[in-house]
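Descriptive analysis of the structure
So the chains spell out like this:
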Amino acid sequence: MSAEIHPLAGQTVPPSMLANIPRLVTAYFAQEPDPKIPAQRVAFGTSGHRGSALNNAFNEAHIVAISQALCDYRREKDLSGPLFVGIDTHALAEPALASALEVFAANGIDVMIDHQNGYTPTPAVSHAILTYNRSHGGGLADGVVITPSHNPPEDGGFKYNPPNGGPADTDVTGAIERAANRYLENGLKGVKRIPYERARKAPCVHRHDYVTPYVADLANVLDMDVIRAAGVKIGIDPLGGAAVRYWQPVIECYGIAATVVSDEVDPTFRFMTLDWDGKIRMDCSSPYAMARLIAMRERFDVAFANDTDADRHGIVTRSNGLMNPNHYLATAISYLFEHRPQWKADSAVGKTIVSSAIIDRVAKKLGRRLVETPVGFKWFVDGLIGGSFGFAGEESAGASFLRRDGWVWTTDKDGLILGLLAAEMTARTGRDPSQLFGELTSEFGVPFYERIDAPANAEQKNVLKGLTGETLGMKELGGEVVRATLSAAPGNNQPFGGIKVIADNGWFAARPSGTEDVYKIYAESFRSADHLKQIQSDAQSAIAQAFKG
């Protein structure tokens, strides 16, 4: 079943649908979560702990407990370097920062916050961690980003990046989650905390300039000279997020012909257009959320946006509007491996198991090894650090790649460099990324890709997690013989919590949602849109039969 599109999708947010920010912040401080209720406990997903204060999923008690658990973890692992802390523009980010600082300062943690009390993108925190750890011989640094990514204005998020600069793996987040929930269960007994004013003035709380070193270093990952020389007209929409104060310094530093179409910051995000389901969501891969920038496409050679913590990218071209994230990943891979001669000859392409198979075909032509992993950027961290991955990307519009000399840039997703890469491609080739992708399809075929949701209760989702090729028993998919059925990612043999079925000209993968009573079906055909629908139908029929069994 395809999702039903809300009648107001793509339209400006009506005032009646805006978040009540005073009520939200009051709920953050006034409401107490009940750790006996699973939905009100600390729970680290693929991108940290997320939730809303209005339903007791992201409240002061959560942040205080997580912060103390993180201090305990740092002591246990002897992490004595600074903790780089960034926030985005969601309404709950600043209250959560205040709560966290009260705990960090009480524990004597050297904390680095923005020197102008501003916002800090996820990639700037990753960049700061790696830069510090490369140049200091003492204790290792790590970081925290207070963000729920592109989620609605009522949400908050808190994620941890260890000394490798990337998203923490499940062993780390599991330990912090368990310790935080013990603090919640014990009424925060054992949490060290001092008043906010004392915390801000504490000698261990430092102001740090994140912007200048990040901007100055961009020339080492992108060819900013060719962008400037070509005079590519660039449009940039930060979507009211953490990158909002980064783009003007980039423009001034490199003299590029770029325009920031809006620098407005408002915690209600009233300037957004509603997403497909009628919610306010800063999803730069959604044509509904990106309606404003798409409408401006004729003004620019290429334009791009970032989500609220700027770890995702949305590319808009004059020739074809908003690019499908998979299409842009394939185009970026093709371009980068041909225009980065200093990268290692054996550096690989990293992709998630639900990303488009056109990436496989591009990698094969380039003679590059393809490493297919479960969903989650954490699987790419080690490869990016060592340079064994030249590029790593997810189907959800998140990616990063190496510096021009083959050294690591960030180990978390970086939406800023993916946007600027679109400008570099246009400048060097004279064709925008959509036109370059068209050239790929003439060689590799046109991919028809879609993700849909189908209903599944908790019991059915557990069945889906345990499916194997043998228990699913599919012999045909879309009228073709099934060539492989996977329950573990071939790149690292890690289970991905679902099933993937592959035929010659199409495939599907199914995974349960962690937050809703649905499962996600990712499917692709290299034949036609009708063939894609046949694959989706075959997939749902086979999984429905497995649920019955």
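Only a predicted model underlies this, so the values are computations on that prediction, with no experimental measurement involved. (Residues numbered from 1 in each chain as written. Predicted model: local features only at pLDDT ≥ 70, side-chain atom pairs only at ≥ 80, totals over all residues. Heavy atoms only, no water.)

Some thoughts on the packing of aromatic side chains
Formally: Put simply, two rings from Phe, Tyr or Trp (the six-membered ring, in Trp's case) pair if the centres are within 6.5 Å, and we call them stacked under 30 degrees between planes, edge-to-face over 60, tilted for the rest. Secondary structure elements follow DSSP: runs of H or I of four or more residues count as helices, runs of E of two or more count as strands, with numbering from the N terminus. For the exposure calls, accessible area comes from a 1.4 Å probe over protein chains only, and a residue counts as buried if that area is under 20% of its type's maximum, exposed if over 50%, partly exposed in between.
Going through the model one piece at a time under the given rule, you end up with 15 aromatic pairs. A ring pair is formed by Tyr214 and Trp409, whose centres lie 5.4 Å apart and whose planes are at 55°; its orientation type is tilted. Remark: Trp409 occurs in the loop between strand S16 (398-401) and helix H14 (415-429) and Tyr214 occurs in helix H7 (residues 211-217); sequence separation between them is 195 residues. Across the pair, Trp409 and Tyr214 agree in class, each one buried.

Brief notes about the sheet that holds strand S13 (residues 348-352)
Condition: Paired strands are those between which DSSP finds at least two bridges. A fitted line through C-alpha atoms serves as each axis, taken over the contacting stretch for helices, and the angle formed by two N-to-C directions is quoted from 0 to 180°.
Reading across from one edge, S14-S13-S15-S16 is the order of the four strands in this open sheet, with mixed pairing throughout. Both outer strands of the open sheet, strand S14 (370-373) and S16, are each paired with one neighbouring strand and no more. Mean inter-strand twist for the sheet, computed between neighbouring axes without regard to direction, equals 15°. The pairing of strand S15 (residues 389-394) with S16 spans four bridges and is antiparallel.

A short note on helix H11 (residues 325-339)
For the record, the criterion: One less than the number of residues in a helix, times 1.5 Å, gives the span that helix is expected to have.
In a regular helix each residue adds 1.5 Å, so 15 residues correspond to 21 Å; H11 covers 21 Å between its end C-alpha atoms and thus fits that length. Most of H11 sits inside the fold, with 13 of its 15 residues counted as buried.

Details of the packing of helix H1 (residues 21-30) against helix H3 (residues 93-106)
Here is the rule we go by: In this scheme, roughly parallel covers angles under 35 degrees and roughly antiparallel covers those over 145, while 65 to 115 is roughly perpendicular and the rest are oblique. Two helices cross in a left-handed way if the nearer one is turned anticlockwise from the farther one by less than a right angle. They cross in a right-handed way if the turn is clockwise. Any two residues whose heavy atoms approach within 4.5 Å are treated as being in contact. Polar here means any residue outside two lists: the nonpolar Ala, Val, Leu, Ile, Met, Phe, Trp, Tyr, Cys and Pro, and the charged Asp, Glu, Lys and Arg; Gly therefore counts as polar.
Where H1 contacts H3, the axes come no closer than 10 Å and their chain directions differ by 25°. Taken together, the axis directions place H1 and H3 in an arrangement best described as roughly parallel. The hand of the H1/H3 crossing is right-handed. Seen from H1, the contacting residues are Val25, Tyr28 and Phe29; seen from H3, they are Pro95, Ala96 and Ser99. Within the contact of H1 with H3, the residues separate by chemical class into five nonpolar, one polar and no charged.

What to know about the pairing of strand S21 (residues 495-503)
Pairing geometry for strand S20 (residues 484-488) and S21, over four bridges, is antiparallel. Bridge pairing in S21 links Leu486 to Lys500. Pairing geometry for S21 and strand S22 (residues 506-512), over five bridges, is antiparallel. Counted as the bridge partner of Ile499 is Ala510 from S22. Where S21 hands over to S22, the hairpin turn is made up of two residues, counted between the paired strands.

A few points about the nonpolar core
We apply this condition: Residues belong to a common nonpolar core when they are buried Ala, Val, Leu, Ile, Met, Phe, Trp, Tyr or Cys residues joined through side-chain atoms within 4.5 Å.
Ranked by internal contacts, the top residues of the largest apolar core, which has 87 residues, are Leu218, Ile234, Ile256, Phe391, Phe401 and Leu421. The greatest single-element share of this core, amounting to nine residues, is contributed by H14. Once you skip the residues sitting within four places of it in the chain, Leu421 turns out to touch Leu222, Tyr328, Ala332, Tyr335, Leu336, Arg340 and Phe401. The next biggest cluster of nonpolar side chains, apart from the first, holds 52 residues, and it includes Phe44, Ala53, Ile63 and Val172.

A short note on the pattern of salt bridges
Stated formally: The working definition used for a salt bridge is a side-chain nitrogen of Lys or Arg within 4 Å of a carboxyl oxygen of Asp or Glu.
Here the structure, examined in full by the defined rule, presents 27 salt bridges. We note a salt bridge from Glu185 to Arg41, for which the minimum N-O separation is 2.8 Å. Separated by 144 residues along the polypeptide, Glu185 in helix H5 (residues 170-185) and Arg41 in the loop between H1 and strand S1 (44-45) bring together distant segments of the chain. The class for Arg41 is partly exposed, based on a relative accessible area of 26%. A salt bridge links Glu443 to Lys365; its shortest N-O distance comes to 3.3 Å.

All we've got here are geometric facts, nothing functional implied.
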